[in-house]
Amino acid sequence: MDHLTIHFPVGRSRLLGRQQQVVHAVEDVSFSINRGETLGLAGESGSGKTTTGRAILRRIDPKRGTIRFRGRDITQSSGQALRHLRRHMQLVFQDPYASLNPRMNVLDLVAEPLIVHGIYNSTDDAREYVLELLEQCGLSADTADRFPHAFSGGQRQRIGIARAIGLRPEFIVADEPVSALDVSIRAQVVNLLQDLQDELGITYLFIAHDLSVVRHISNRVAIMYAGQIVEIADRDTIYERPLHPYTEALLSSIPVPNPQLQRDRRRIVLSGEIPDTLEPPSGCRFASRCPLVEERCHVEMPSLSPRSETHDAACWVR
Amino acid sequence: MADRLLEVDGLQVRFFTRRGVVHAVRDVSFGIERDETVGLVGESGSGKSVTSQAIMGLVEFPGSITAGDVRWKGQSLVHGPTAAADIKRIRGNEVSMVFQDPMTSLNPVFTIGSQLTEVTRRHLGYSKMQARERALELLDLVDMSNPRQRFKQFPGELSGGMRQRVLIAMALSCEPELLIADEPTTALDVTIQAQILELLAELQEDLGLSVLLITHDLGVVAGTCDRVCVMYGGRLAEVGPIDDVFETPTHPYSRGLLNSTPRIDEVTSRLVSIDGAPPDLVAPPIGCPFAARCEACSDRCISEMPELATIEKGRDVACWHPFTAS
Ligand SMILES: Nc1ncnc2c1ncn2[C@@H]1O[C@H](COP(=O)(O)OP(=O)(O)OP(=O)(O)O)[C@@H](O)[C@H]1O
Ligand SMILES: Nc1ncnc2c1ncn2[C@@H]1O[C@H](COP(=O)(O)OP(=O)(O)OP(=O)(O)O)[C@@H](O)[C@H]1O
Ligand code: SF4
Ligand SMILES: [Mg+2]
Ligand SMILES: [Mg+2]
């Protein structure tokens, strides 16, 4: 019954770069995720999606702000408590090639977290359970003794997912889990993630830059731009009635696989590029590219404010 | 057809590797008319880049064109005593290319200006002044802000989108008739992709360019092309005008691909997925390359290769059991 809430007002998660410059990677980001739901986190390259996901999993420490998991503040958790937390919060990576140790076979790979967390004593003990996990992820039993290089991208991603669900986590951060896969394979992995959610009640933070996949899989969607969340709402609101001019432009620039529709659509082509996170502008970070920009936007930063019960946006004009 | 610029006819490309012979491109035929934009789509490894390399005469060792022909305005670029000289003359002049990887296509140690002027000096024998003039004109043509400043910058100082504009400028240096763009926007963010696609469409219109656009994104094809060629396992599965192919795809693969693409404008409860994975091109199946994943597959599909055949005017499909409107 407890509401899984991850509160995340990270004021300045500053990552130190070379020359002591500060990357304002993620700034003042707050949102919550409800148990059993999928929150899609979308935005362009460098907008801070991965950084946010890693901070939630306590893989990087925020400069400011708190993270709550099941109502408990976990921002300062360490040692035993952090290890215990990691059991319940897992990560699925983007790159199915780099994220699996090439010298371990599939059985060892999937068994490893189970042994680290003391569920099983050895790979042999874990074997039966691992085979069950593989089957659940659509991999046959004979894959267990093979090595990652023998698998295609889609199969490797399945192995990564089997590894992540073994500890029966309540929460999974999936960081671009299908971006590296071909369209026909992408659908297989998206379906698998959805099936696992139905069976096991897992909560997802689904990070992606592909807004079509995000629309398909998410209950709610947050849009990031240059380290900040500019809009967050339930899925259909974001896609059908976006408020933030960035969300609007972003959605309109995604090509639809329908020639007729594509010809008739109104497209907003933004000029310019994403601002430098080393010296972010003092006002709205989207101001330099925004078609609706007003004077105030350059001066003062708009904060995320409620527009309806399920819809927040950060914009002075809309 | 008088205004056919390029004709690819029964093209076959093989790579002779230690692992075996990679049948990268098998019996691919299509044409490009003047003023036309043709899309070449397919998933990773389906043979798109190799096809374009073959057109440009740039197939890398250990590969070679083992059968078929590429004709530019009716003249073979593969066979005959002058083919080698002809393709050298045409490449970069009448046909030019924007390569898949924008990072490696620009030399990091030379300025944008020197790389741009080099092309016109070498190909057109421009003087230093003429080349500089032309380079600035080209940077302006591709909507680069501050051309004079960009001229002096190094590739590393530019964003991905700007680098792509430079590569397009470079490809347009000698006023080509055909531009081959291999995944020109894949590495870019969608708002930058939209800028580049708009630029390509403008250039196509203003300069009367023909374009061969290679991509794996069906949305990009829908928004920019007149016709589309769908590749699978080194072969063409389907060719036709985009409206027809997107509305009534006849090949089970094109159909599956469209159904498994999540869409920004629609919500579906479950994606239709195509089970299985593409074939190994070292030992491609003797029958239809899609047979192992196809729902309509019959015994004939496994034992006999379906050839690309015309089902109605302008529409070709390689399948024993194509979907038809009726
Ligand atoms: N370890 C680090 N040191 C310095 N800067 C970093 C580090 N990690 C990330 N950044 C910077 O923080 C910003 C946000 O990066 P992040 O990886 O979170 O973006 P993202 O939204 O996940 O992008 P992508 O879609 O490319 O994965 C970027 O400007 C990036 O350069
Ligand atoms: N230099 C090479 N040596 C050996 N095999 C090669 C070489 N270049 C390409 N191939 C093989 O040829 C086949 C077709 O490759 P190609 O690069 O044309 O695919 P593609 O459709 O462009 O894919 P992508 O979408 O990943 O760019 C692949 O199986 C590839 O492994
Ligand atoms: S030839 Fe047979 S296997 Fe191939 S696509 Fe057509 S129906 Fe499917
Ligand atoms: Mg990332
Ligand atoms: Mg390619």
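Values in this document were obtained by computation on a predicted structure and should not be read as measured data. (Residues numbered from 1 in each chain as written. Chains lettered and ligands numbered in written order. Predicted model: local features only at pLDDT ≥ 70, side-chain atom pairs only at ≥ 80, totals over all residues. Heavy atoms only, no water.)

Chemist: Account for the site of ligand 3, naming residues and giving values.
Modeler: Around ligand 3, a shell composed of 13 residues is seen, among which Cys288, Cys294, Cys301, Cys319 and Trp320 of chain B lie nearest. Here the residues of the shell around ligand 3 sort into eleven nonpolar, two polar and no charged. (Near = heavy atom within 4 Å. Nonpolar A, V, L, I, M, F, W, Y, C, P; charged D, E, K, R; others polar.)

Chemist: Could you give me a rundown of the side chain of arginine 265 of chain A, with the residues and numbers involved?
Modeler: Relative to the helices and strands, arginine 265 of chain A resides in the loop between helix H10 (259–264) and helix H11 (295–299). One buried charged residue, arginine 265 of chain A, remains without a salt bridge, the closest side chain of opposite sign being aspartate 265 of chain B at 6.9 Å. At a separation of 3.0 Å, a polar atom in the side chain of arginine 265 of chain A contacts the main-chain carbonyl oxygen of leucine 251 of chain A. Among the polar contacts listed, one links the side chain of arginine 265 of chain A to the side chain of glutamine 262 of chain A, at a separation of 3.3 Å. Apart from residues no more than four positions distant in its own chain, arginine 265 of chain A is found in contact with Leu251, Ser252, Ile254, Pro255 and Val256 of chain A together with Ile264 of chain B. (Helix = DSSP H or I, 4+ residues; strand = E, 2+ residues; numbered from the N terminus. Buried < 20%, exposed > 50% of the residue type's maximum accessible area, 1.4 Å probe, protein only. Lys, Arg positive; Asp, Glu negative; His and termini not counted. Salt bridge = Lys/Arg side-chain N within 4 Å of Asp/Glu carboxyl O. Polar contact = N/O pair within 3.5 Å; in protein donor to acceptor, adjacent residues only side chain to side chain. Contact = heavy atoms within 4.5 Å.)

Chemist: Give a detailed account of the side chain of glutamate 170 of chain A, specifying residues and quantitative values.
Modeler: All names here are of chain A. Topologically, glutamate 170 is positioned in the loop between helix H5 (153–165) and strand S7 (171–175). Its relative accessible area of 17% is what places glutamate 170 among the buried residues. One polar contact links glutamate 170 to arginine 35, side chain to side chain, over a distance of 3.3 Å. Once residues lying within four places of it in the same chain are set aside, the contact partners of glutamate 170 are Arg35, Arg70, His88, Gly201, Ile202 and Thr203.

Chemist: Can you break down helix H4 (residues 123–136) of chain A residue by residue, with the values?
Modeler: All names here are of chain A. Taking 1.5 Å per residue, 14 residues should reach 20 Å; H4 reaches 19 Å between its end C-alpha atoms and fits that length. Maximum bend of H4: about 35°, positioned at tyrosine 129. Buried within H4 we find Ala126, Tyr129, Val130, Leu133 and Leu134. Buried residues along H4 sit against helix H3 (106–116) and H5. Of the residues trailing H4, glycine 138 is marked for its positive phi of about 75°. (Expected span 1.5 Å × (residues − 1). Bend = angle between axes of the 7 residues up to and from the residue.)

Chemist: Describe the pairing of strand S9 (residues 227–232) of chain B, naming the residues involved and giving the relevant values.
Modeler: All names here are of chain B. Counting buried residues along S9, six of its six residues qualify, which places the element largely inside the surrounding structure. The two faces of S9 match: Arg227, Cys229 and Met231 on one face and Val228, Val230 and Tyr232 on the other face are all buried. As paired elements, strand S3 (residues 37–41) and S9 share four bridges and run parallel to each other. Bridging from a neighbouring strand, leucine 40 pairs with cysteine 229 of S9. Inspection of the sheet shows S9 paired to strand S10 (residues 235–241) by six bridges, in the antiparallel sense. If you follow valine 228 over to S10, its bridge partner there is glycine 240. The loop that links S9 with its antiparallel partner S10 comprises two residues; one of these, glycine 233, has a positive phi angle of about 55°. (Pairing = 2+ DSSP bridges.)

Chemist: Kindly report on the packing of aromatic side chains, identifying the contributing residues and their values.
Modeler: One pass over the full model with this rule turns up seven aromatic pairs over all chains. A ring pair is formed by tyrosine 232 of chain B and tyrosine 253 of chain B, whose centres lie 4.5 Å apart and whose planes are at 50°; its orientation type is tilted. With tyrosine 232 of chain B in strand S9 and tyrosine 253 of chain B in helix H11 (residues 252–260), this residue pair connects regions lying 21 residues apart in the sequence. This pair shows no difference in class: tyrosine 232 of chain B is buried, exactly as tyrosine 253 of chain B is. Through successive ring pairs, a cluster of aromatic residues spans Tyr225, Tyr246 and Phe286 of chain A. (Phe/Tyr/Trp six-rings, centres within 6.5 Å; stacked < 30°, edge-to-face > 60°.)

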